[in-house]
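A structural walkthrough
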Amino acid sequence: MAAADSPSAALRRRDLCSRGIRLAGKMRADVVDLLDAYVEQQGLDASASVAAVEGVPLAAVERWDEQTGTQRLLENLAAYRAFRALLAQMLEEQREQLGEVDAGLGHGLAAVLLQVSAFAYHLEELLRLESRGIPGEEGDGPPPLPHLSLFEQKLRGLGVLRELAQWALRSVRDLRQLAKPSPATSGAPGLAESP
Amino acid sequence: DSHIQYERVGADVTMKCGSMDWDAAVTWTANGTDIDESHLNGSYLILKNVDLSQSGQYSCYEGSSWHLKYQTYLRVGTPPKEPVLMCRSNNYPKGFYCSWHLPTPTYIPNSFNISVIHGTKDMVCEKDAVPKNRCHIRYLQLFSTVKYKVTLTVTNALGKNFTTLTFDEFAIVKPDPPESVVAKPVPNNPRRLEVSWQNPSSWPDPESFPLKFFLRYRPLILDQWQHVELSDGTSHTITDAYAGKEYIIQVAAKDNDIGTWSDWSVAVHATPWTEEPKHLTTEAQITETTSASTSSFMAPPTTKICDKGAMVGSGAMAVCWTAGLVMAAYSVLFI
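For clarity, every value in this text was computed on a predicted model and none was experimentally measured.

**Regarding the pairing of strand 20 (residues 211–219) of chain B**
Residue and element names in this part refer to chain B.
- Burial within strand 20 is extensive, with eight of its nine residues counted as buried.
- Across nine bridges, strand 20 lies against strand 23 (residues 247–255) in antiparallel orientation. Across the sheet, the residue bridging to P219 is Y247, located in strand 23.
- Alignment of strand 20 against strand 21 (residues 226–230), held across five bridges, turns out to be antiparallel.

**Observations regarding the sheet that holds strand 22 (residues 235–238) of chain B**
All names here are of chain B.
- With antiparallel pairing, the three strands of this open sheet are ordered in space as 18-19-22. The strands lining the two open edges of the sheet, one partner per strand, are strand 18 (179–186) and strand 22. Ignoring which end each strand starts from, the neighbouring axes of this sheet average 15° apart.

**Regarding the side chain of A:R13**
Residue and element names in this part refer to chain A.
- With respect to the helices and strands, the residue R13 is situated in helix 1 (residues 7–41).
- Judged by its relative accessible area of 8%, R13 is buried.
- Reaching out from R13, the side chain makes a polar contact with the side chain of E130 at a distance of 3.3 Å.

**Some thoughts on the UniProt feature "domain: Fibronectin type-III" (unreviewed entry) in chain B**
- If you check UniProt for "domain: Fibronectin type-III" (unreviewed entry), the listed places come out as residues 177–277 of chain B in our numbering.
- Between the end C-alpha atoms of residues 177–277 of chain B there is a gap of 38 Å, over a span that is 0% helix and 48% strand.

**A closer look at the packing of helix 1 of chain A against helix 4 (residues 150–179) of chain A**
All names here are of chain A.
- Here helix 1 crosses helix 4 at 160°, and the two axes come no closer than 8 Å. Judged by the angle between their axes, helix 1 and helix 4 are roughly antiparallel. As helix 1 packs across helix 4, the resulting crossing turns out to be left-handed.
- Grouping the constituent residues of the contact of helix 1 with helix 4 by class yields 19 nonpolar, five polar and six charged.

**Brief notes about the side chain of A:E130**
- Topologically, A:E130 is positioned in the loop between helix 3 (103–129) and helix 4.
- Given the relative accessible area of 5%, A:E130 is considered buried.

**Focus: the state of the cysteines**
Residue and element names in this part refer to chain B.
- Under the criterion given, the structure shown has three disulfides over all chains.
- Here C17 pairs with C60 through a disulfide, and the sulfurs are 1.8 Å apart. Since a negative S-S torsion denotes a left-handed disulfide, the C17-C60 link at about -100° is left-handed. Taken together, the residues span a long stretch of sequence, with C17 in the loop between strand 2 (13–15) and strand 3 (26–30) and C60 in strand 7 (residues 56–62) at a distance of 43 residues. Across the pair, exposure class does not vary: C17 and C60 are buried alike.
- One disulfide in the model links C125 with C135; its S-S distance is 1.9 Å. One disulfide, between C125 and C135, carries an S-S torsion of 90° and so falls in the right-handed class. In this pair, C125 sits in the loop between strand 12 (121–123) and strand 13 (126–127) while C135 sits in strand 14 (residues 134–138), placing the two residues 10 residues apart along the sequence. Each member of the pair, C125 together with C135, is buried.

**Description of the domain arrangement of chain B**
- With domains assigned, chain B is organised as domain 1 (3–77), domain 2 (84–167) and domain 3 (179–270).
- The distance between the C-alpha centroids of domain 1 of chain B and domain 3 of chain B comes to 64 Å.

**Let's talk about the sheet that holds strand 5 (residues 40–41) of chain B**
Residues and elements named next belong to chain B.
- If you trace the three strands from one edge of the open sheet to the other, you get 2-6-5, paired in antiparallel fashion. Two strands in the sheet have a free side with no partner beyond their single neighbour: strand 2 and strand 5.
- Here three bridges tie strand 2 to strand 6 (residues 44–47), and the two strands are oriented antiparallel to one another. Along strand 6, the bridge assignment pairs T14 with I46.

**A look at a nonpolar patch on the surface**
All names here are of chain B.
- Judged by side-chain polarity, L220, I221, L222 and Y242 come together as a nonpolar surface patch covering roughly 390 Å² of accessible area.
- If you trace the backbone, Y242 turns up in the loop between strand 22 and strand 23.
- For Y242, a relative accessible area of 45% gives the class partly exposed.

Parameters and conventions
Residues numbered from 1 in each chain as written. Chains lettered and ligands numbered in written order. Predicted model: local features only at pLDDT ≥ 70, side-chain atom pairs only at ≥ 80, totals over all residues. Heavy atoms only, no water. Buried < 20%, exposed > 50% of the residue type's maximum accessible area, 1.4 Å probe, protein only. Helix = DSSP H or I, 4+ residues; strand = E, 2+ residues; numbered from the N terminus. Pairing = 2+ DSSP bridges. Axes fitted to C-alpha atoms, helices over the stretch in contact; angles between N-to-C directions. Polar contact = N/O pair within 3.5 Å; in protein donor to acceptor, adjacent residues only side chain to side chain. UniProt positions renumbered as here; feature names shortened; annotations may be inferred. Parallel < 35°, antiparallel > 145°, perpendicular 65-115°, else oblique. Left-handed = near helix turned anticlockwise from the far one by under 90°. Nonpolar A, V, L, I, M, F, W, Y, C, P; charged D, E, K, R; others polar. Disulfide = S-S within 2.5 Å. Domains from an automatic or database assignment. Patch = residues over 30% accessible without salt bridge, like charges linked within 9 Å, V, L, I, M, F, W, Y side chains within 5 Å. Areas by Shrake-Rupley, 256 points an atom, 1.4 Å probe, with all protein chains shown as cover. Salt bridge = Lys/Arg side-chain N within 4 Å of Asp/Glu carboxyl O.

Below is the structure:
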């Protein structure tokens, strides 16, 4: 689109991508620290395999290098919106278990939740720049889960944080792809749609 | 019939002379040399506690006719110990390779089988032609939290063994060292060295997957390294080199976000720029010659005696006041 390709839009895009890369990098570092604290305080085995849980967006992707810019932004946005709701649920579960927010873990979860929300907003800004409509949020968050035992809640929390750490890594890579200057032709998977 | 027979080191081996009866008269040879009858039990050849040197061709001949009745190639060896397996991605995000070896030789042929599982999916590890103990895999997915499980089984005629590695996609990322490291002095800067390098050629996409670098340097005469970590760019200027000292410099690389540091690059040597030694004019040459038999006072190149502003003379010989006075004093003493 002509507006999205203007020099000022290109500069704004590069600026948003650079800031987004820094945000995602900081978020990943904090999630990794939170993961270590979570494993320790919840008494879990760090190497435990956790089966994919419904509602947790998987960072794993095939043919990542072939994705268009819009695909990257939309998939990232959907993921971080889901994590926003999942982390809010985890915080609530913490409160129920402990009666109040545990100083360490609870604060860590709240801090990461804030960064996830900020990053989601940042992605919306990038989509707006491309004059793409921002998809509406589906319902009120992830579907209500069947009652989980305390141990199952802990394992699910482990799965959420692990996927979030990988998503943060993927987002850094995605934004670097987006920051690459788009060639004149429309065929390349930058921010232009691939044919 | 000629065939191959594998036996463990230390085993007792009994060889029959084909279909010959136990009490038949036979002669055994090992690599063409007759074997003493003390090793025979009837027509059977008995080798006790075999060692590696007893590998070879064993032949049995009928006593009177010297017809060849049986031939075998004995290969003495050992069953395989647990193999050593390593997996690494030096070309992320394209894929990774695994390589292996045995900690001790078996002295007999071995075959290797490698399996790679990602979650429930079997992946094919394509064997490299060179080297033979290596195979590579393309990543079909990126950013997966599911671990990879690689199992290597080694089998020979005397037994088998195996080892397993389990790892995350991002944990095995280790680039090759930077290439084309160059270090040059900086003209008119006695304490600087300019270092430049290139991304390893095996790293497929440094723009999307940028590398960061670690530079280490020290003068040859010291053991302690100085270190600098650089988050971007492929060059750096060292500004605290000891003047006139030869330096050794190396660089390592790491993906900006994941994995481990590469090995150090090939070392390069460089010496910072030094002022060229000045040629003396006639007057000063006389002074120098007179005092040379006893002692001469010439400042070493790295030692600064005076500022350029205090120089007298010009051209090839510019002597500063202080040095001139001292030289004059010496020359007076020895006239």
